[in-house]
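The chain contents come next:
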Amino acid sequence: SMALTGADLGMWDLDLDTGQCVFDERWAAILGYTLDEVDPRVEFFESRVHPEDLQTLRTQFDRHIRGEIPHIDAEIRMKHKEGSWRWVLDRGKILEWNEDGSPRRVVGTHKDITERKEREKALRRERDLLQNIFDASPVAIVTLDAEGQFLTASTRARDILGLDPDDVLERAFNDPRWCITDANGQPIPDEELPFARVMASGERVYDAEHTIQWPDGNTRLLSVSGAPLT
């Protein structure tokens with residue numbers, strides 16, 4: 001009981017032979033009920049699981065019976081008393097078997113993970129928005145790690161850098177294959193390149209001009225701006 005309370009877990013205990021299910025107060029509270037309002041039958045449980053997730057839950061149970069997975073572990077949506085959907089981490093394990101080998105008793109826990117799922121959804125929206133901006137930008141957008149290795153490159157890299165985005169990721173900011181020079185054709189020391197200046201100062205760099213050499217040997221003059229992400 002102390003472990004369940006400390007982990008903020010609700011408990012369920014299902015007798016498969018009778019369909020009777022024991023719930024605790026936290027299990028009921030996750031769905032907005034008091035324990036007195038909960039019908040102690042498996043039908044009450046299943047009627048509140050989202051239809052799309054109920055089959056997933058049943059599939060996991062069947063796989064658990066067959067010994068393919070050690071326990072049930074599913075993220076499911078369950079209907080709150082007020083009508084909204086709550087995300088629940090449902091975990092369970094068969095503890096008792098009948099003499100014929102069929103499962104008799106399953107015990108498990110519920111944890112409310114709605115806030116986590118909402119954060120993940122918001123992060124996905126932000127990521128998708130950034131990806132759309134990334135892809136639609138008329139300039140080549142790249143990110144680099146602290147050592148100056150390219151991590152990502154937008155599709156415009158092909159037109160501006162002369163390389164497919166995946167090929168850009170094989171290079172570093174000072175890769176000798178760039179043959180970087182200033183506008184007058186003079187080599188630029190690594191420490192004066194935009195990436196190194198950003199890393200050294202922690203400040204933004206705007207419109208730093210230098211040339212690069214494309215794989216086909218042509219030279220392009222670039223205007224480079226950069227900023228630290230963290």
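Residues numbered from 1 in each chain as written. Predicted model: local features only at pLDDT ≥ 70, side-chain atom pairs only at ≥ 80, totals over all residues. Heavy atoms only, no water.

(A) How the structure looks around the layout of surface pockets. Roughly 1,300 Å³ of internal volume is contained in the largest pocket. In terms of lining, the largest pocket is formed by 40 residues, of which the most central are Val142, Thr143, Leu144, Ser225 and Gly226. Of all the elements in the fold, those that place two or more residues in the lining of the largest pocket are α5 (114-136), β6 (142-144), β7 (150-153), α8 (194-201), β8 (205-213) and β9 (219-226). Residues of the lining of the largest pocket, tallied by class, amount to 29 nonpolar, 8 polar and 3 charged. Approximately 280 Å³ is the volume found for the second largest pocket. (1 Å grid on protein atoms, 1.4 Å probe; cavity = no way out; pocket = protein on both sides within 12 Å on 5 of 7 lines; lining within 4 Å. Points joined across faces, edges and corners; volume = space filled by probe spheres on them. Helix = DSSP H or I, 4+ residues; strand = E, 2+ residues; numbered from the N terminus. Nonpolar A, V, L, I, M, F, W, Y, C, P; charged D, E, K, R; others polar.)

(B) Region of interest: the packing of aromatic side chains. Enumeration over the complete set of coordinates arrives at 8 aromatic pairs. Summarising the aromatic geometry, the rings of Trp12 and Phe45 are spaced 5.7 Å apart at their centres and angled 85 degrees between planes, so their arrangement reads as edge-to-face. On the criterion of sequence distance, the pair formed by Trp12 in strand β1 (residues 10-15) and Phe45 in helix α3 (residues 42-47) is long-range, its members being 33 residues apart. Each member of the pair, Trp12 as well as Phe45, is classed as buried. When the ring of Phe23 is compared with that of Phe45, the centres are 6.4 Å apart and the planes differ by 45 degrees; the resulting orientation is tilted. (Phe/Tyr/Trp six-rings, centres within 6.5 Å; stacked < 30°, edge-to-face > 60°. Buried < 20%, exposed > 50% of the residue type's maximum accessible area, 1.4 Å probe, protein only.)

(C) Geometry of the environment of Glu82. Of note, Glu82 is situated in the loop between β3 (72-79) and β4 (85-97). Taking C-alpha positions, Glu82 is 8.5 Å from Leu31, a pair spaced 51 residues apart along the chain.

(D) Expanded view of the pattern of salt bridges. Per the stated rule, a full pass over the model turns up 22 salt bridges. A salt bridge links Arg58 to Glu46, with the nearest nitrogen and oxygen atoms 3.3 Å apart. With a gap of 12 residues between them, Arg58 in helix α4 (residues 51-65) and Glu46 in helix α3 connect regions that are remote in the sequence. Close ionic contact of Glu68 with Arg63 constitutes a salt bridge, the shortest N to O distance being 3.1 Å. (Salt bridge = Lys/Arg side-chain N within 4 Å of Asp/Glu carboxyl O.)

(E) Local environment of the nonpolar core. Formed by 24 residues in total, the largest nonpolar core has its most connected members in Trp12, Phe23, Trp27, Val38, Phe45, Ile76 and Met78. Those elements giving two or more residues to this core turn out to be β1, β2 (21-23), α2 (25-30), α3, α4, β3 and β4. For this core, the element with the highest residue contribution is β3, accounting for 4 residues. In contact with Met78, not counting residues within four places along its chain, are Trp27, Leu31, Phe45, Arg48, Val49, Ser84, Trp85, Arg86, Val88 and His110. With 16 residues, the next largest nonpolar core counts Ala153, Ile180, Ile188 and Phe195 among its residues. (Core = buried A, V, L, I, M, F, W, Y, C linked by side-chain atoms within 4.5 Å. Contact = heavy atoms within 4.5 Å.)

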